[in-house]
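Spelled out from the first residue to the last, the chains are:
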Amino acid sequence: MSYLVKLLDGVKVEWETLGEVCKVLRGKRLTKKELSENNIFPVFHGGLEPLGFYAKSNRPKDTVMIINVGASAGTVGFSPVEFWSSDGCFCLEHSEVLNNKFLYYFLIGEQPFLKSRVRVAGIPTLDNFVVEKLQIPIPPLSVQKEIVHILDKFTELTAELTAELTARKKQYNYYRGQLLRFEEGDVEWKTLESLAENLDSMRKPVTSGLREAGNIPYYGASGIVDYVKDYIFDGDFLLVSEDGANLIARNTPIAFSISGKTWVNNHAHVLKFNTYAERRFVEYFLNSIDLTPYISGAAQPKLNQRNLNNIKIPNPSPEEKIKIVSILDKFDILTTSINEGLPKEIELRKKQYEYYRDLLLTFPNNNLES
């Protein structure tokens with residue numbers, strides 16, 4: 001902290017409108033037939049994901065861009081490589097008084113303002129004069145460079161942790177597939193109804209009065225829907241989504257454990273097991289297989305209780321289940337837990353980055369009216 005105070009102590013900062021120190025450039029739109037995955041330069045239009053690739057570039061590397069049309073209008077980006085800018089994103093011309101990465105970090109903090117100025121009638125659009133009139137602090141280039149160096153360290157660490165999380169998730173999926181791969185004859189297979197007690201008859205929708213000032217989780221097909229002031233279940237259970245669309249999309253776990261006092265509506269099956277290992281083993285297995293064959297109904301496809309009961313589950317020995325669950329639990333904590341593991345570490349680093357970004361990029365502005 002003392003280093004940062006020393007860095008910013010006595011620094012003279014001029015404030016200028018962005019349009020006074022650099023040009024706000026608009027690109028040129030390309031047709032889809034001009035794009036090819038075999039080309040080199042990414043093409044940006046209306047978002048920070050490339051539309052495709054083009055044979056030429058119209059912007060140099062290390063350029064700051066601001067999306068100006070579509071759902072992402074007002075979003076700030078930075079390209080470390082040459083690229084083609086269409087008319088869906090503004091680009092900020094390089095300036096002698098601004099370090100481009102410093103400008104990028106500052107504008108990240110201005111995204112809420114930029115998004116608030118997007119015209120939403122018809123296609124969302126950010127006007128160039130909004131960007132041009134934005135006030136920018138201009139400390140000495142040496143200070144800008146040092147601020148960039150500090151913030152880059154935070155972003156690099158977050159990127160490394162994110163890459164590590166991606167690798168661990170792939171590793172987790174691999175081992176889950178290996179550990180839960182059983183052939184007919186290797187182990188006994190049982191229907192789910194013979195392994196768990198089904199408590200669907202106890203679940204029910206919540207009435208509006210129960211939502212008032214409640215702190216008990218209310219579960220639906222894919223997780224917590226709300227909080228209520230009463231409960232149906234008290235203990236450890238496995239919920240299995242009944243929603244066919246959710247089961248097919250698999251955007252969320254289709255089977256997940258719950259504990260303590262809870263309320264569950266009729267969009268999730270409720271299963272009770274004798275032991276932790278049995279419940280978690282079935283949870284891991286259901287999340288690893290395709291449940292599409294068990295979904296019925298055309299208008300509102302769902303996994304009904306009869307089909308749920310008939311799902312076949314491998315049933316190795318209790319000792320083998322405990323071993324498998326122990327291994328997969330470690331991966332699960334590492335890759336999904338918000339209380340420990342990589343997700344928590346990434347969240348902490350993001351908060352740390354945001355704190356120091358705000359600290360390093362907050363300068364007194366005498367141009368503002370008192």
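Structure: see above.
Residues numbered from 1 in each chain as written. Predicted model: local features only at pLDDT ≥ 70, side-chain atom pairs only at ≥ 80, totals over all residues. Heavy atoms only, no water.

The number of helices and strands found in the protein chain is eleven helices and 19 strands. Counting only residues that meet the buried cut, the protein chain has 44% of its 370 residues in that class. Counting only contacts in the protein chain whose residues sit at least 6 apart along the sequence, the fraction spanning at least 24 positions is 72%. Put simply, the protein chain shows about 20400 Å² of open surface, and 51% of that area lies on carbon and sulfur atoms. Seen as two clouds, the 44 positive and the 47 negative side-chain charges of the protein chain have centres 3 Å apart. (Helix = DSSP H or I, 4+ residues; strand = E, 2+ residues; numbered from the N terminus. Buried < 20%, exposed > 50% of the residue type's maximum accessible area, 1.4 Å probe, protein only. Contact = heavy atoms within 4.5 Å. Areas by Shrake-Rupley, 256 points an atom, 1.4 Å probe, with all protein chains shown as cover. Lys, Arg positive; Asp, Glu negative; His and termini not counted. Charge placed at Lys NZ, Arg CZ, Asp CG, Glu CD.)

Take F273: it is sitting in the loop between β18 (268-272) and α8 (276-286). Given a relative accessible area of 9%, F273 falls into the buried group. In sequence terms F273 and K302 are 29 residues apart; their C-alpha atoms lie 23 Å from each other.

So, about helix α11 (residues 342-360). Compared with an ideal rise of 1.5 Å per residue, which puts 19 residues at 27 Å, α11 spans 26 Å between its outermost C-alpha atoms and is within 8% of the ideal. Regarding α11, the residues found buried are L342, P343, I346, Y353, Y356, R357 and L360. Angularly, the buried residues of α11 cover 160 degrees about the axis, an arc narrow enough to put them on a single face. (Expected span 1.5 Å × (residues − 1). Arc of directions from axis to C-beta.)

Right, let's get into the packing of helix α3 (residues 100-108) against helix α6 (residues 141-179). Their axes nearest at 9 Å, the elements α3 and α6 cross at an angle of 65 degrees. Classified by chirality, the crossing of α6 by α3 is left-handed. Contacts between α3 and α6 involve K101, F102 and Y105 from the first element and Q144, I147, V148, L151, D152 and T155 from the second. Looking at side-chain class alone, the contact of α3 with α6 contains five nonpolar, two polar and two charged residues. (Axes fitted to C-alpha atoms, helices over the stretch in contact; angles between N-to-C directions. Left-handed = near helix turned anticlockwise from the far one by under 90°. Nonpolar A, V, L, I, M, F, W, Y, C, P; charged D, E, K, R; others polar.)

So, on to the environment of A71. Tracing the sequence through the fold places A71 in the loop between β5 (63-67) and β6 (76-79). Taking the C-alpha atoms as reference points, A71 and P124, separated by 53 residues in sequence, lie 6.5 Å from one another.

Before going further, it helps to spend a moment on the sheet that holds strand β4 (residues 52-54). Adjacent strands of a sheet form backbone hydrogen bonds with each other and so pair up, either parallel or antiparallel. Read across the open sheet, the three strands follow the order β4-β3-β7; overall the sheet is mixed. In this open sheet, the two edge strands, each paired with only one partner strand, are β4 and β7 (84-85). The sheet contact formed by strand β3 (residues 41-44) and β4 spans three bridges and is antiparallel. Pairing of V43 across the sheet is with G52, part of β4. (Pairing = 2+ DSSP bridges.)

Purely spatial values, then, with no claim about function.
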